[in-house]
Amino acid sequence: MTKKYFSFFMMKLSRYVLYDILRSKIIIAYTLFLFIVSMSMFQMEENSSKAMLSLLNIILIVLPLISLIFTTIHYYNSYEFIELMASQPMGRTRIILSEFAGVSLSLLSAFLIGVGIPIFLFAANETGFALLFTGSALTLVFTSLAFFASVRARDKARGIGAALLLWFYFALIYDGLILLLTFNLTDYPLEKIILALVSLNPIDIGRIFVVLKMDISALMGVTSALYKDFFGSGTGILFTTGIMLLWIVIPLWLAVRKFRKKDL
Amino acid sequence: MIRIEHISKRFKKLQALDDITVQLIKGQVVSLIGPNGSGKTTLIKSILGMVRPDKGKIFVDESPINGDPDYRKKIGYMPQIGRYPDNMKVGQLFKMLRNIRNADEKETDSFLIKHFELEKIFEKPMRTLSGGTRQKVSAAIAFLFDPAILILDEPTAGLDPLASEILKGKILEEKKKGKLILITSHILSDLDELTTHIMYMQDGKMQFFNDIETLQEETGELRLGKAIARIMKGEKTDKNWIDKMFEPENDEKIF
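Numbering of residues starts from 1 in every chain and runs along the sequence as written. Whichever chain is written first becomes A and whichever ligand is written first becomes 1, with later ones labelled in order. Under the rules for a predicted model, residues below a pLDDT of 70 receive no local features and side-chain atom pairs below 80 are neither given nor counted, while totals for whole chains, interfaces and linings still include all residues.

K.L.:
What should I look at first to understand the overall build of chain B in this one?
P.N.:
Secondary structure follows DSSP: runs of H or I at least 4 residues long count as helices, runs of E at least 2 residues long count as strands, and numbering of each begins at the N terminus. On a plain count of helices and strands, chain B comes out with eight helices and ten strands. Three exposure classes are used. Buried residues have 20 or more other C-beta atoms within 10 Å of their own C-beta, exposed residues have 12 or fewer, and partly exposed residues fall in between, all C-beta atoms being placed from the backbone. In chain B, which comprises 255 residues, the share counted as buried stands at 38%. A pair of residues counts as a contact when their C-beta atoms, built from backbone coordinates, are within 7 Å of each other. Within chain B, contacts between residues separated by at least 24 positions form 69% of all contacts whose residues are at least 6 apart in sequence.

Right under this line is the structure:
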């Protein structure tokens, strides 16, 4: 009974969050952007798997960035709404989870429409679905991370700063560090260690997950063969899903915990 | 109805609330007064659960307030500065509040919506409203669900005299119903007719909490403002503030 009431309540609040987001039109522009980029990739490249690779690279850079920035800005813009709700008979957990549901739902639909439709049209294969899976997971992961950053940060400037730093770290710095490590320790068998390190970055694990579904992965040497064994198997899919889930749940849980104690 | 036990709250260097203990019961109209930054709003926000005190407990109707947010159904809150979602229209705001509480339009108290003539601006987005109109919206929201407890943070600041009178009349009516009403204000004369109890705060401490009769007996003054001024002078607290507060009143008498 209480559970039913709970989800009913959440939907009610999320509806207003969604309504607010849709009205700002940014999310529509984002959907269009993704759609145009994906369409033009498939139009320009003769080979659809080449197009997929280019699309993957764009998605891995753009998706986390947009998710982080959009979520952070939305959080600060709806501060008044949050404050108003907090003075009403409504728990803090409900408020923040409704916000999360509203934001992630709109970003997710933007991605699934903008990229999903072209993929259905031109590349409705295993790789295509892997790409959609990775994109959806990354959207949720970075929305969750952005909520964590904005709940913790004291003001808008710090919040957006933190979101940008997170993006720099996961999209650029982390890969550089791993590259440095492999470069300096080429003589040692690092495959397993790198696999573990890669799990610490949702963008990397998403990339590997998709790339290994492509034909070109055969060109990448022995290491790739090892990964292909692992990621191609059922355990690999479970592993990826599990890691992604952890990346979604842990920051969100930390955000909720912080938000419950916060002074509004 | 509201029992506050030893609550303290510290914001970095500022001790906003310092070991406050007080019990407010049904039928009281409590004026919470004190200089700027004395912790009035923090105290109110603590009761609403928007600020989490470092120490102490707050009970509303005998149940502690951490946990179930349902106790806020009993409280109508009018903030000092009402901040609302910019894009939301006035009408939508009321509709949303009714919707999330599952209340029908007929069940809610639209007295202030009607008398402040808010229906005329139902189509306006909240960001276009002036400070005074926002205050009217805040007031209408506070009274909307006929709550047993009303917490009004500087209710008449920014309202024009007409609206101010309407609001005062409404407060008086609710007082007659035996509700607990907690009002903060700087302008004492504004509240004379309504108040039954005075709570005075300074530097996060509660200096005194008394009913009007006792205050008047102790000081022999009829006017509330002067009674408090006497008390303040008797106690060795910051007199400057209270003197400043009466300056406009002296002007009134001159002209």
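K.L.:
Would you mind showing me how to read the interface of chain A and chain B here?
P.N.:
Size of an interface, as often reported, equals the accessible area lost when the parts are brought together. Facing 19 residues of chain A, the contacting portion of chain B comprises 17 residues. Looking at the side of chain A that touches chain B, the elements that each hand over two or more residues are α1 (2–24) and α4 (79–86) of chain A. Of the residues in the side of chain A that touches chain B, the class split is eight nonpolar, four polar and seven charged. In the scheme used here, Gly and all other residues not listed as nonpolar or charged are polar, with Ala, Val, Leu, Ile, Met, Phe, Trp, Tyr, Cys and Pro taken as nonpolar and Asp, Glu, Lys and Arg as charged.

K.L.:
Please explain the confidence of the model for chain B as it appears in this structure.
P.N.:
Any region with low pLDDT has predicted coordinates that should not be read closely. Residues and elements named next belong to chain B. The predictor's confidence in any single residue is recorded as pLDDT, a number from 0 to 100. Taken as a whole, chain B shows an average pLDDT of 84; of its residues, 85% reach a score of 70 or greater. Averaged over each element, pLDDT in chain B is lowest for helix α8 (residues 239–254) (51) and highest for strand β7 (residues 149–153) (93). Scored below 50 in pLDDT, residues 249–255 shows two contacts in the model against residues more than four places distant or in partner chains. Per the prediction output, this complex has pTM 0.86; the corresponding ipTM is 0.81.

K.L.:
Got a minute to help me understand the pairing of strand β8 (residues 180–184) of chain B in this structure?
P.N.:
Moving residue by residue along a regular strand, the side chains alternate between the two faces of the sheet. All names here are of chain B. By the criterion of burial, β8 is predominantly enclosed, with five of the five residues buried. Burial of the side chains of β8 extends over both faces: L180, L182 and T184 are buried on one face and I181 and I183 on the other. We call two strands paired when DSSP finds no fewer than two bridges between them. Pairing geometry for strand β3 (residues 29–33) and β8, over four bridges, is parallel. Residue pairing in the sheet places S31 in a bridge with I183 of β8. Inspection of the sheet shows β7 paired to β8 by five bridges, in the parallel sense. By the bridge assignment, I151 is partnered in β8 with L182.

K.L.:
It is not clear to me how the sheet that holds strand β5 (residues 63–64) of chain B should be interpreted in this structure. Could you clarify?
P.N.:
Paired through backbone hydrogen bonds, the strands of a sheet run either parallel or antiparallel to each other. Residue and element names in this part refer to chain B. Strand order in the open sheet formed by four strands is β2-β1-β4-β5, and the pairing between neighbours is antiparallel. Only two strands of the sheet have a single partner each, and these edge strands are β2 (14–24) and β5. As defined by bridge partners, strand β1 (residues 2–11) adjoins strand β4 (residues 55–60) across five bridges and the pair is classed as antiparallel. Within β4, the position partnered with I4 by the bridge is I58.

K.L.:
What is the right way to look at the packing of helix α2 (residues 26–44) of chain A against helix α5 (residues 92–114) of chain A in this model?
P.N.:
When two helices pack together, their arrangement is given by the angle between the helix axes and the distance between those axes. All names here are of chain A. One can describe the packing of α2 onto α5 by two numbers: an axis separation of 8 Å at closest approach and a directional angle of 25°. Between α2 and α5, the interaxial angle falls into the category roughly parallel. The crossing of α2 and α5 is right-handed. Seen from α2, the contacting residues are I27, Y30, T31, L34, F35 and S38; seen from α5, they are S106, A110, F111, I113 and G114. Per-class residue counts for the contact of α2 with α5 are seven nonpolar, four polar and no charged. An axis is simply a line fitted to the C-alpha atoms; with a helix, the fit covers only the stretch in contact. Between two such axes, the angle follows the N-to-C directions and lies from 0 to 180 degrees. By the definition adopted for this analysis, an angle is roughly parallel if under 35 degrees, roughly antiparallel if over 145, roughly perpendicular if from 65 to 115, and oblique otherwise. Take the far helix as your reference; a near helix turned counterclockwise from it by less than a right angle gives a left-handed crossing, and one turned clockwise gives a right-handed crossing.

K.L.:
Can you help me understand the nonpolar core in this one?
P.N.:
One recurring pattern in soluble globular proteins: nonpolar side chains tend to sit buried together. Each nonpolar core reported here comprises buried Ala, Val, Leu, Ile, Met, Phe, Trp, Tyr and Cys residues connected via C-beta atoms within 7 Å. Of all hydrophobic cores here, the largest spans 130 residues; its most connected members are V141 of chain A together with A140 and I151 of chain B. When residues in this core are grouped by element, the largest group, 13 residues, is from helix α7 (residues 126–152) of chain A.

K.L.:
Is there a simple way to explain the sheet that holds strand β6 (residues 75–78) of chain B in this structure?
P.N.:
Residue and element names in this part refer to chain B. Overall, mixed pairing links the six strands, which are arranged β6-β7-β8-β3-β9-β10 in an open sheet. Each of the sheet's edge strands pairs with one partner strand only, and the pair in question is β6 and β10 (205–211). Across the sheet, the mean angle from the axis of one strand to that of its neighbour is 15°, orientation sign disregarded. The strands that helix α1 (residues 40–47) touches are β3, β7, β8 and β9 (197–202); relative to β7, the one it contacts most, it runs at about 150°. On the sheet, helix α4 (residues 131–144) packs against β6 and β7 and is oriented at approximately 175° with respect to β6.

K.L.:
What exactly am I supposed to notice about the packing of α5 of chain A against α7 of chain A here?
P.N.:
Residue and element names in this part refer to chain A. In the contact formed by α5 and α7, the axes pass within 10 Å of each other and the chain directions differ by 150°. When the interaxial angle is binned, α5 and α7 end up roughly antiparallel. The two elements α5 and α7 cross, and the hand of that crossing is right-handed. Where α5 approaches α7, its residues F100, V103, S104, L107, L108, F111 and L112 are matched on the opposing element by G135, S136, T139, L140, T143 and F147. Residues belonging to the contact of α5 with α7 are distributed by class as follows: eight nonpolar, five polar and no charged.

K.L.:
Sorry, what's going on with unusual backbone geometry here?
P.N.:
A negative phi angle is the norm for most residues apart from glycine, just as the trans form is the norm for most peptide bonds. Phi at K25 of chain A takes a positive value of approximately 70°, unusual for a residue other than glycine. Turning to its location among the elements, K25 of chain A is positioned in the loop between α1 and α2. Phi is positive for K12 of chain B, close to 45°, though the residue is something other than glycine. Assignment of secondary structure puts K12 of chain B in the loop between β1 and β2.

K.L.:
Explain the pairing of β2 of chain B to me, please; I cannot follow it from the model alone.
P.N.:
Residue and element names in this part refer to chain B. Two elements, β1 and β2, share seven bridges in a ladder whose sense is antiparallel. Residue pairing in the sheet places F11 in a bridge with L14 of β2. Once β1 ends, the chain turns through two residues before running back antiparallel as β2, passing K12 with a positive phi of about 45°.

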